[in-house]
Amino acid sequence: MLVLGLESSCDETGVALYDTEAGLLAHHLHTQMAMHAEYGGVVPELASRDHIRRVLPLTEACLQEANKTRQDIDAIAYTQGPGLAGALLTAAAVANGLGVALGKPVIGVHHLEGHLLSPLLANPAPHFPFVALLVSGGHTQLMAVHGVGNYTLLGETLDDAAGEAFDKTAKLLDLGYPGGPALSKLADSGDVSRFTLPRPMQHSGDLDFSFAGLKTAVLTLVKKQADIDAQTRADICAAFQAAIVDVISTKCLKAMKQTGMQQLVVAGGVGANRQLRAGLDLMAARRKFKVYYPPLDLCTDNGAMIAFAGAQRLQHCQTAGPFSVKPRWDLASLPHA
Ligand code: KG4
Ligand code: ZN
């Protein structure tokens, strides 16, 4: 089965072709980062208009790369939510229009399920059940994943998401938008021992997170400095990153112990963070569990994860659904086999 996947929930237009026999045949992406950078964040109306310009050329590029025609497509998957309503509507409208024109089923995919299942596109891939750490710009969650659509929430952030904390802290340090990758890069040249920042809720006894206080601690630290030179900025970045990595690693270990599962899967944009990967790898080696990541180019938003999740749903537990978008959508409410 050849599935076309379309993603337009935020500031990336992603398109991909996934074949259930041959694997990922093509994936193309356009990021709107540069367009939104001058506003310091995503401007929803600009995002929607840009998705409209990009989605069909990207689809054509995928078909060409995979040496396929539109008639070869067996099903179309699109991100149905959560996300920006206007942005979501682009992929939803194109998917449903194509579905009617080609007479093929169309399926709406939960964006987080896309992230959650994306490590299954890696080689070697994990198998069910596993613990998933979802760390993106909008979400920070630990889930027990029993099968496609069968997810139990173990813990989540009570305030800011991990990526949001990276972005807000980066903004505070004038590192531009989106700040996560920039902050992480600068942290590499920082002295991690110069400043110590709090580890919020690290030993709270549950699997919830809180990152808003960490951002405030950085603000207080910045205000205390007479002069923020390049080295001080890098040192603050290193301290911030170390605190986040520490908290996330501790919670992951607790989740592994609590569930008794042997595999941890990391998904979402912050999963691209090298320091986080190093921290989790070290812990996994010591505690004898395995950790899996999606390929680096599939960590942030993309069409491949949507095509893949759509294919899984069509194969295992769901038929095509009606045309709609769900800007807010609870992951635990999905149907499963
Ligand atoms: O999953 P994603 O592409 O979009 C959402 O669905 O939110 O994640 C984007 C988030 C942003 O907050 C971005 O700053 C963060 O992931 N991010 C990183 C890194 N790469 C992306 N944060 C820390 N280190 C990175 N290397
Ligand atoms: Zn995402």
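To keep things clear, this report deals only with the structure shown in the data block. (Residues numbered from 1 in each chain as written. Chains lettered and ligands numbered in written order. Predicted model: local features only at pLDDT ≥ 70, side-chain atom pairs only at ≥ 80, totals over all residues. Heavy atoms only, no water.)

Neighbouring residues of ligand 1: 18 residues in total, closest Gly-137, Asp-167, Gly-269, Asn-273 and Asp-301. The contact in question runs from an oxygen atom of ligand 1 to an N or O atom on the side chain of His-111, over 3.2 Å. Between an oxygen atom of ligand 1 and a side-chain N or O atom of His-115, the distance comes to 3.1 Å. In isolation ligand 1 exposes 550 Å². Once the protein is present, 86% of that is buried. For the shell around ligand 1, the secondary structure elements donating two or more residues are helix H4 (111-117), helix H5 (162-172) and helix H6 (179-187). (Near = heavy atom within 4 Å. Polar contact = N/O pair within 3.5 Å; in protein donor to acceptor, adjacent residues only side chain to side chain. Areas by Shrake-Rupley, 256 points an atom, 1.4 Å probe, with all protein chains shown as cover. Helix = DSSP H or I, 4+ residues; strand = E, 2+ residues; numbered from the N terminus.)

One open sheet holds the five strands; their spatial order is S8-S7-S6-S9-S10, and the pairing between them is mixed. Each edge of the open sheet is held by one strand with a lone partner, namely strand S8 (150-156) and strand S10 (290-292). The mean inter-strand angle of the sheet, taken between neighbouring strand axes irrespective of direction, is 25 degrees. Bridge count between strand S7 (residues 140-147) and S8: six bridges; the pairing is antiparallel. Note that in S8 the partner of Ala-144 across the bridge is Thr-152. (Pairing = 2+ DSSP bridges. Axes fitted to C-alpha atoms, helices over the stretch in contact; angles between N-to-C directions.)

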